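Single-letter residue listing:
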Amino acid sequence: MNTPDQCQNMAEIRAEIDRLDRQVIALLGQRFAYVKAASKFKTSEAAVKAPDRFQAMLQQRRVWAEEEGLNGDAIAALYRDLVNHFIAEEMKHWQQSQAQQS
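Rules used throughout
Residues numbered from 1 in each chain as written. Predicted model: local features only at pLDDT ≥ 70, side-chain atom pairs only at ≥ 80, totals over all residues. Heavy atoms only, no water. Helix = DSSP H or I, 4+ residues; strand = E, 2+ residues; numbered from the N terminus. Rg over C-alpha atoms; globule rule 2.2 N^0.38 Å. Buried < 20%, exposed > 50% of the residue type's maximum accessible area, 1.4 Å probe, protein only. Contact = heavy atoms within 4.5 Å. Areas by Shrake-Rupley, 256 points an atom, 1.4 Å probe, with all protein chains shown as cover. 1 Å grid on protein atoms, 1.4 Å probe; cavity = no way out; pocket = protein on both sides within 12 Å on 5 of 7 lines; lining within 4 Å. Points joined across faces, edges and corners; volume = space filled by probe spheres on them. Nonpolar A, V, L, I, M, F, W, Y, C, P; charged D, E, K, R; others polar.

Caption draft 1: Layout of the overall build of the chain. Each helix and strand counted, the chain has 4 helices and 0 strands in total. Its helices and strands in sequence order give the chain the pattern α-α-α-α, from N to C terminus. The C-alpha atoms of the chain give 18 Å as radius of gyration, which overshoots the globular expectation for 102 residues (13 Å, by more than 25%). Each principal axis of the C-alpha atoms in the chain carries an extent, and together these give about 60 × 25 × 15 Å. Residues classed as buried in the chain amount to 21% of the 102 residues present. Long-range pairs, those at least 24 residues apart, make up 60% of the contacts in the chain with a sequence separation of at least 6. Here the chain has roughly 7,600 Å² of accessible surface; of this, 55% comes from carbon and sulfur atoms.

Caption draft 2: Representation of the layout of surface pockets in the model. Taken as a whole, the largest pocket holds about 460 Å³ of empty space. Lining the largest pocket are 14 residues; nearest its centre among them are Val24, Leu28, Ile75, Leu78 and Tyr79. Those elements that place two or more of their residues in the lining of the largest pocket are helix 1 (10-38), helix 3 (51-67) and helix 4 (72-101). A per-element tally of the lining of the largest pocket places helix 1 first, with 5 residues. Partitioning the lining of the largest pocket into residue classes produces 10 nonpolar, 1 polar and 3 charged. One number sums up the size of the second largest pocket: a volume of about 270 Å³. Around the second largest pocket, the lining is made up of 16 residues, and of these Arg31, Val35, Arg53, Val83 and Glu90 lie nearest the centre. Listed by contribution, the elements that provide at least two residues to the lining of the second largest pocket are helix 1, helix 2 (45-49), helix 3 and helix 4. Grouping the amino acids of the lining of the second largest pocket by side-chain chemistry returns 10 nonpolar, no polar and 6 charged.

Caption draft 3: Summary view of the environment of Met1. Secondary-structure assignment places Met1 in the segment before helix 1. A sequence separation of 14 residues divides Met1 from Ala15, and the C-alpha atoms of the two residues are 9.3 Å apart. Here Met1 is in contact with Gln6, Glu16 and Arg19, once residues within four sequence places are set aside.

Quick look at the structure:
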């Protein structure tokens with residue numbers, strides 16, 4: 001692993017970016033596993049959607065982004081898209097589990 005300042009050329013920079021992106025994607029996969037696991041604790045579609053929690057989560061991600069010197073709006077938009085996708089997937093998982101219980 002090279003720090004940005006240690007990279008000697010674009011190939012090294014791209015390799016480090018690819019390495020980091022792979023880690024980010026692996027972490028998103030882990031996050032999704034928790035999302036699916038959470039569905040078994042939800043008692044309704046409203047609980048799956050949890051709009052208040054969603055908004056609070058976006059605000060916290062915005063704060064964390066700004067603490068890292070990133071654009072809070074950009075990170076909130078990224079998470080909005082990501083979490084909306086995860087909510088849709090969680091809803092499918094929740095609905096399937098409800099059908100199996102009937």
